[in-house]
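Spelled out, the chains give:
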Amino acid sequence: MSLYDAVADLPLVVEGHNRERRERDTSSGFTRVSTTFALHGAGETGRGEDVTYDTPDHDALADADPDFTAFEGEWTLDEFSAALDDVALFPEPPERETAHHYRRWAVESAALDLACKQAGRRLGDLLDRSYDPIRFVVSTRLGDEGFDRVAGLLEDYPGTEFKLDPTDDWDDTLVQRLADTDAVRLLDLKGLYEGTEVDLTPNPELYRRVVEGFPDAVIEDPRLTDDTRPVFDGHENRVSWDYPITGVESVEDLPFEPSWLNIKPSRFGTVESLFDTLDYAAEHDIALYGGGQFELGVGRDQIQALAALCYPDGPNDVAPGGYNDPEPAADLPTSPLDPPVGFGPR
């Protein structure tokens, strides 16, 4: 049985819904805003988080206050998902096309959560999988603190592993200092973003410095050009993909057969697309790890739950949210993380 087949026919009763807007400053220098969708029915509530990045999209939703009565009814999970194809989730066009998947995932994950609760079963029970402790990395840009940010986290939390975002100002000295920690597991080149504050122009010199300076690290989202492609000759098995991964077709369209994928559930939009991609990865022996998007609420629990069920030993970018604060709090959980409660009974 496929993963989606295990949940597609779950009965789902939706009698109403509400939304909650949240915001919080982050270590990456921006204020994160998200909206939690809550679906109610049969005495239970299921929740999902819209991680659309642009604040005006959340504000427009709050100002328009649509009633979304189209959510209401008696469905199977699959029927509810199909009905969403005809629901306008944005009162006005979003700032970026990617937001359509993010908000769709918020509603679908809320529906999955509610269906599990109404069935009285956790997602792991339905998928016949255990919730295992999660290895996680801490994702950060070094910013003005430079190496001191990594050093401070290692002092407060020995054994921390990192996902870092190299930038053009990384020189040989910084690379060597970071490599000497033996704590860098992922390096995100952010070469495929366009029109965002984190775009990074493909730089063959930086790419080579990173690939050679961290010989055991996974390298995420390079932009392959005539100048940068040779840097990865013989290192293809270290390359991972994140931004373009939205379903099975996107995996098949990659420039070469992947060894690694970063799974960010909201990029897939639907439960079916996500679960089909997880099945495809298992069939093709592709290593997986989970990715985070500065979730502020239930979305973090859910990406951690999926990591616990499907890729607990990967270098998961799903650290507890406190690590994303400008100044991380004391006494944060350390890796491996006890499996959280997400999707289903609490």
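Reading the values: rules and limits
Residues numbered from 1 in each chain as written. Predicted model: local features only at pLDDT ≥ 70, side-chain atom pairs only at ≥ 80, totals over all residues. Heavy atoms only, no water. Helix = DSSP H or I, 4+ residues; strand = E, 2+ residues; numbered from the N terminus. Rg over C-alpha atoms; globule rule 2.2 N^0.38 Å. Buried < 20%, exposed > 50% of the residue type's maximum accessible area, 1.4 Å probe, protein only. Contact = heavy atoms within 4.5 Å. Areas by Shrake-Rupley, 256 points an atom, 1.4 Å probe, with all protein chains shown as cover. Lys, Arg positive; Asp, Glu negative; His and termini not counted. Charge placed at Lys NZ, Arg CZ, Asp CG, Glu CD. Phe/Tyr/Trp six-rings, centres within 6.5 Å; stacked < 30°, edge-to-face > 60°. Lys NZ or Arg CZ within 6 Å of the ring centre and 35° of its normal. Pairing = 2+ DSSP bridges. Axes fitted to C-alpha atoms, helices over the stretch in contact; angles between N-to-C directions. Salt bridge = Lys/Arg side-chain N within 4 Å of Asp/Glu carboxyl O. Parallel < 35°, antiparallel > 145°, perpendicular 65-115°, else oblique. Left-handed = near helix turned anticlockwise from the far one by under 90°. Nonpolar A, V, L, I, M, F, W, Y, C, P; charged D, E, K, R; others polar. Expected span 1.5 Å × (residues − 1). Core = buried A, V, L, I, M, F, W, Y, C linked by side-chain atoms within 4.5 Å. Disulfide = S-S within 2.5 Å.

A.B. asks: I keep staring at the overall build of the protein chain and nothing clicks. Help me out?
C.D. replies: Scanning the protein chain for helices and strands turns up 11 helices and 12 strands. Over its C-alpha trace the protein chain gives a radius of gyration of 20 Å, about what one expects of a compact globule, namely 20 Å for 346 residues. Along the first, second and third principal axes, the C-alpha atoms of the protein chain reach 60 × 40 × 40 Å. Out of the 346 residues belonging to the protein chain, those deemed buried represent 55%. Sequence separation of 24 or more characterises 68% of the internal contacts of the protein chain that already satisfy a separation of 6 or more. As displayed, the protein chain has an accessible area near 14800 Å², and 43% of this comes from carbon and sulfur atoms. Here the protein chain holds 29 positive side-chain charges and 73 negative ones, and the gap between their average locations is 3 Å.

A.B. asks: Would you explain the packing of aromatic side chains in this entry?
C.D. replies: Aromatic ring pairs are described here by two measures, namely the spacing of the ring centres and the angle between the planes. Scanning the model with the defined rule gives 11 aromatic pairs in all. Note on Y53 and Y102: the rings are 6.1 Å apart at their centroids and 70 degrees apart in plane angle, and the pair reads as edge-to-face. Of the two residues, Y53 is situated in the loop between β4 (44-50) and α2 (55-64) and Y102 in helix α4 (residues 98-119); the sequence distance between them amounts to 49 residues. Residue class for Y102 comes out buried when judged on its relative accessible area of 4%. Summarising the aromatic geometry, the rings of F68 and F71 are spaced 4.9 Å apart at their centres and angled 15 degrees between planes, so their arrangement reads as stacked. On the accessibility criterion, F68 (6% relative accessible area) is buried. R32 extends its terminal NZ or CZ atom over the ring of Y53, reaching a point 4.3 Å from the ring centre. Across the ring face of F90, the terminal group of R103 is positioned such that the distance to the ring centre comes to 3.9 Å.

A.B. asks: Sorry, what's going on with the sheet that holds strand β9 (residues 218-220) here?
C.D. replies: Strands belonging to one sheet form pairs held by backbone hydrogen bonds; the direction of such a pair is parallel or antiparallel. With parallel pairing, seven strands are arranged side by side in an open sheet as β6-β7-β8-β9-β10-β11-β12. What marks the edges here is a single partner per strand, and that holds for β6 (138-140) and β12 (287-290). Averaged over all adjacent pairs, the angle separating strand axes in this sheet is 25 degrees, with direction ignored. Relative to strand β10 (residues 239-241), β9 runs parallel, the two being bridged by two bridges. Bridging from a neighbouring strand, E220 pairs with S240 of β10.

A.B. asks: Can you help me understand the pattern of salt bridges in this one?
C.D. replies: Side chains that differ in charge, positive against negative, can pair when their charged atoms come close. Throughout the structure, instances matching the rule amount to 27 salt bridges. When the shortest N-O distance is used, the salt bridge between D165 and R141 registers 3.3 Å. Residue D165 is located in the loop between β7 (162-164) and α7 (172-180), and its partner R141 is located in the loop between β6 and α6 (147-156); the two are separated by 24 residues in the primary sequence. One network of salt bridges, with partners in common, ties together R141, K163, D165, D188, K190, E220 and D317.

A.B. asks: Looking at this structure, how should I read the environment of A82?
C.D. replies: If you trace the backbone, A82 turns up in helix α3 (residues 77-84). Between the C-alpha atoms of A82 and T270, which are 188 residues apart in sequence, the distance is 9.7 Å.

A.B. asks: So what exactly am I meant to see when it comes to the packing of α3 against α4 here?
C.D. replies: If you want to describe how two helices pack, look at the angle between their axes and the distance between the axes. It is the contact of α3 with α4, at a shortest axis distance of 10 Å, that shows an interaxial angle of 160 degrees. Considering the angle they form, α3 stands roughly antiparallel to α4. Crossing handedness for the pair α3 and α4: right-handed. Contact residues: L77, F80, S81 and L84 in α3; R104, V107, E108, A111 and L112 in α4. Along the lines of polarity and charge, the residues of the contact of α3 with α4 split into six nonpolar, one polar and two charged.

A.B. asks: What should I look at first to understand helix α10 (residues 271-283) in this one?
C.D. replies: Spacing of three or four residues puts side chains on the same side of an α-helix, whose turn is 3.6 residues. Over its 13 residues, α10 runs 18 Å from end to end, which matches the ideal 18 Å to within 8%, given 1.5 Å per residue. Those residues of α10 that sit buried are V271, S273, L274, F275, T277, L278, D279, Y280 and A281. The positive-phi residue at the C-terminal boundary of α10 is D285, with phi of around 55 degrees.

A.B. asks: In this structure, what is going on with the nonpolar core? I would like to understand it.
C.D. replies: Soluble, globular proteins show a tendency: their nonpolar side chains are buried together. Of all hydrophobic cores here, the largest spans 94 residues; its most connected members are V7, F71, F80, L123, W170, L178 and F275. Top element by residues in this core is α4. It accounts for 10 residues. Leaving out residues up to four positions away in the same chain, V7 has contacts with L77, L112, L123, L126, L127, V271 and F275.

A.B. asks: Is there a simple way to think about the state of the cysteines in this case?
C.D. replies: A covalent bond between the sulfur atoms of two cysteines is referred to as a disulfide. Considering all chains together, one arrives at zero disulfides under this definition. Cysteine C116 remains unbridged, with the sulfur of C310 as its closest cysteine sulfur at 13 Å.

A.B. asks: So what exactly am I meant to see when it comes to the sheet that holds β4 here?
C.D. replies: Read from one edge to the other, the open sheet built from three strands follows the order β2-β3-β4, with strand pairing classed as antiparallel. Because the sheet does not close on itself, it has two edges, and the strands there are β2 (16-25) and β4. If you compare each strand with its neighbour and ignore which way they point, the axes differ by 20 degrees on average. Relative to strand β3 (residues 31-41), β2 runs antiparallel, the two sharing 10 bridges. Within β3, the residue paired with R22 across the bridge is S34. The strands touched by α2 within the sheet are β2, β3 and β4, with β3 carrying the most contacts at an inclination of about 40 degrees.

Structural measurements only, silent on function.
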